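# Report on the structure
Read off the chains here:
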Amino acid sequence: MCNNCDYTIHGRHHHFGWDNSFVPAERVAPGSIIEFQCLDSSGGQLQPGSTVADIAKLDFGQINPVTGPIFVEGAEPGDALKVTIEMFKPSGFGWTANIPGFGLLADDFQEPALNIWKYDAASLEPALFGKNARVPLKPFAGTIGNAPAEMGHHSVVPPRRVGGNLDIRDLAAGTTLYLPVEVAGALFSVGDTHAAQGDGEVCGTAIESPMNVVLKLDLVKDARLKTPRFTTPGPVTRHLDAKGYEVTTGIGPDLMAGAKEAVAQMVDLLAGRYQIDPVEAYMLASVCGDLRISEIVDMPNWVVSFYFPRCVFE
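Report follows, based on the coordinates. The model shown is predicted, which means the values in this text are computed figures rather than measured ones.

## Here we look at the sheet that holds strand β18 (residues 290–295)
Ordered by their spatial adjacency, three strands build an open sheet running β17-β19-β18, and the pairing between neighbours is antiparallel. Here the strands that pair on one side only, and so sit at the sheet edges, are β17 (245–252) and β18. Each strand axis lies, on average, 25 degrees off the axis of its neighbour in the sheet, ignoring direction. Inspection of the sheet shows β18 paired to strand β19 (residues 302–309) by five bridges, in the antiparallel sense. Counterpart to Leu291 in the pairing with β19 is Phe306. Running over the sheet, helix α1 (residues 255–274) touches β17, β18 and β19 and is turned about 145 degrees from β17. Those strands touched by helix α2 (residues 278–288) are β18 and β19, and its axis lies near 95 degrees from that of β19.

## Examining the pattern of salt bridges
Side-chain pairs of opposite charge can arise where the charged atoms are in close proximity. One pass over the structure, following the stated rule, counts 15 salt bridges. As a salt-bridge pair, Asp170 and Lys138 come within 2.9 Å of each other at their nearest N and O atoms. Of this pair, Asp170 sits in the loop between β12 (163–165) and β13 (176–180) while Lys138 sits in the loop between β10 (133–135) and β11 (140–146), and the two are 32 residues apart along the sequence. Residue class for Asp170 comes out buried when judged on its relative accessible area of 13%. Note on Lys138: relative accessible area 15%, which makes it buried. The residue Glu246 makes a salt bridge to Arg310 at a minimum N-O spacing of 2.9 Å.

## Considering the sheet that holds strand β6 (residues 80–90)
The mixed open sheet is built from six strands, whose spatial order is β1-β4-β15-β6-β13-β16. Where the open sheet ends on each side, the last strands, each with one partner, are β1 (7–9) and β16 (229–231). Pairwise comparison of adjacent strand axes, ignoring direction, gives a mean angle of 25 degrees for this sheet. With three bridges connecting them, β13 and β16 associate as antiparallel partners. Its bridge partner being in β16, Leu177 is matched across the sheet by Phe230.

Reading the values: rules and limits
Residues numbered from 1 in each chain as written. Predicted model: local features only at pLDDT ≥ 70, side-chain atom pairs only at ≥ 80, totals over all residues. Heavy atoms only, no water. Pairing = 2+ DSSP bridges. Helix = DSSP H or I, 4+ residues; strand = E, 2+ residues; numbered from the N terminus. Axes fitted to C-alpha atoms, helices over the stretch in contact; angles between N-to-C directions. Contact = heavy atoms within 4.5 Å. Salt bridge = Lys/Arg side-chain N within 4 Å of Asp/Glu carboxyl O. Buried < 20%, exposed > 50% of the residue type's maximum accessible area, 1.4 Å probe, protein only.

Keep in mind that these numbers describe shape and distance, not what the molecule does.
Below you can see the structure in the form of structure tokens.
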């Protein structure tokens, strides 16, 4: 538990999707420091002993639980919730899966696959993947947001203007996130914690890992923020940059098609060079490779690049 925290929100206080009629798990004053116990994105359905056969058994109604919601006293529509990400307390267990029908290259990878990760929760040393790959870790919360103004229940899958399933790797310790408030109290929740992810999360999953998150919640009155924004405390890729990158590209008039081509080329490169199964290369790319828009002005073709850190194999 967090000795300096004002509240601890236990994992049993979780919900699925967004709904501004949910009863708050706690009411807090601005400036409160809160420890959240977050479940993994399977909601505990996948465990250290799970096998690929368990993918077919997943109940997708129980996917991506978030802990909360938290009612912040004084929060009103038009304000911004200031979320200071203090620290993460990782569990040491994680999983990455190829789930049929999900992911950027879903048409190419139609069979389920699963990798179970074990990592050092204290040192956060790079985690072993297969026999030779070691993935640098950077814990963060994939889903973090406020309740939307629209009444009713809304899926947790798509990100929203109030946050939600953002899957932004740089929402890590030290970052300050600002979220639009659309309902009284903000009704903030957090979950979907990851031990590592590449920008794009291309196979649809990262190193999905249950862990605790310590956050400070504060208010910026009348901020009139339209979408989330955040400030990082320093450089964001030091854990990956040491050995440089292998980079593939996709070029054409459609950014999505370009992204698919860049990732497919990287999967082919990794599978051929390191003699691993293509679906393993795909999952590995998802947890540590980065999609970037390199050029979007030289019409009619745009350039999407995929950066894979060489330190994983060197």
